[in-house]
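# Results of the structural survey
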Amino acid sequence: MHWEFLIGRNWGQRAIILAAVGVYLYLFLTRPADARESLFGGLKTFGGLLTLILAAVLLASAIKTLIPAEVIQQHLGAEAGLKGVITGGLLGGLIQGGPYGVYPIIRGLQEEGMSIAAVLAMLIGYGAIGSDRIAYGITFFESRIIAIRVAVGVLLTVLACLIL
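Keep in mind the model is a prediction, meaning the values are calculated, not measured. (Residues numbered from 1 in each chain as written. Predicted model: local features only at pLDDT ≥ 70, side-chain atom pairs only at ≥ 80, totals over all residues. Heavy atoms only, no water.)

### Observations concerning the overall build of the protein
Of regular secondary structure, the protein possesses nine helices and zero strands. Shown N-terminal to C-terminal, the secondary structure of the protein runs as helices and strands in the order α-α-α-α-α-α-α-α-α. Over its C-alpha atoms the protein spans a radius of gyration of 20 Å, topping by over 25% the 15 Å that the globule rule assigns to 164 residues. Projecting the C-alpha coordinates of the protein onto the three principal axes gives extents of approximately 55 × 50 × 30 Å. Among the 164 residues that make up the protein, the fraction classed as buried is 28%. (Helix = DSSP H or I, 4+ residues; strand = E, 2+ residues; numbered from the N terminus. Rg over C-alpha atoms; globule rule 2.2 N^0.38 Å. Buried < 20%, exposed > 50% of the residue type's maximum accessible area, 1.4 Å probe, protein only.)

Printed below as a string of structure tokens:
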């Protein structure tokens, strides 16, 4: 049996798993009704995300199959240089979805030869530009504010790429 499935692959994962076990032990011992309600709420959320996470992992695998490693290495690999890093950063800003969907895709590209600098740039671009949050932002703020946020995000991403 692969124990990593139960206890996590690293200490960061183990800390979360142990914290969840500890909190639920406490809740079940002191407030069993709240513990059950919380547990079922968490399982409902997990069920809603399960198909999305599975689809993202499958999509990441398909991208690795559809895009030849040579193309990834040429445009996002170490030999692509600064152009590859900036391309990665800007692509990261355009990619849609939450981290549970985006991270497997970025990891898949890394496995096919994307450089560490391009991986970091893609993660920075994903966070700084965040094109998937534009429509949501316009719901709350003037379009001018969102345009400035995106422009600043692009500039910060390019600056980070230059530093990388």
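### Details of the confidence of the model for the protein
In the predicted model, the protein carries a mean pLDDT of 90, and the fraction of residues at 70 or more is 98%. Taken element by element, the predicted model of the protein shows its lowest mean pLDDT in helix α1 (residues 4–7) (71) and its highest in helix α7 (residues 116–128) (95). (pLDDT = per-residue confidence, 0-100.)

### Structural notes on the packing of aromatic side chains
Evaluation of the coordinates by the stated rule reveals three aromatic pairs. Note on Y136 and F140: the rings are 5.2 Å apart at their centroids and 65° apart in plane angle, and the pair reads as edge-to-face. Residue Y136 and its partner F140 are both found in helix α8 (residues 134–140); the two are separated by four residues, about one turn of the helix. Side by side, Y136 and F140 carry an identical accessibility label, which is exposed. Here the guanidinium or amino end of R14 rests over the ring plane of W11, the centre of that ring lying 4.8 Å away. (Phe/Tyr/Trp six-rings, centres within 6.5 Å; stacked < 30°, edge-to-face > 60°. Lys NZ or Arg CZ within 6 Å of the ring centre and 35° of its normal.)

### Describing the environment of E111
Looking at the secondary structure, you find E111 in helix α6 (residues 99–111). As a C-alpha pair, E111 and E37 span 74 residues in sequence and 40 Å in three-dimensional space. At 2.6 Å, the side chain of E111 and the side chain of K64 are in polar contact. (Polar contact = N/O pair within 3.5 Å; in protein donor to acceptor, adjacent residues only side chain to side chain.)

### What to know about the pattern of salt bridges
What the rule picks out here adds up to five salt bridges. Taking the shortest distance from any N to any O, the salt bridge between E142 and R144 comes out at 3.4 Å. (Salt bridge = Lys/Arg side-chain N within 4 Å of Asp/Glu carboxyl O.)

### Some points on a nonpolar patch on the surface
Judged by side-chain polarity, L82, I148, V152, L156, L159, L162 and I163 come together as a nonpolar surface patch covering roughly 670 Å² of accessible area. In terms of residue count, the dominant contributor to the nonpolar patch is helix α9 (residues 143–163) (six residues). Mapped onto the elements of the fold, I163 is located in helix α9. Among the residues examined, I163 registers a relative accessible area of 68% and is labelled exposed. (Patch = residues over 30% accessible without salt bridge, like charges linked within 9 Å, V, L, I, M, F, W, Y side chains within 5 Å. Areas by Shrake-Rupley, 256 points an atom, 1.4 Å probe, with all protein chains shown as cover.)

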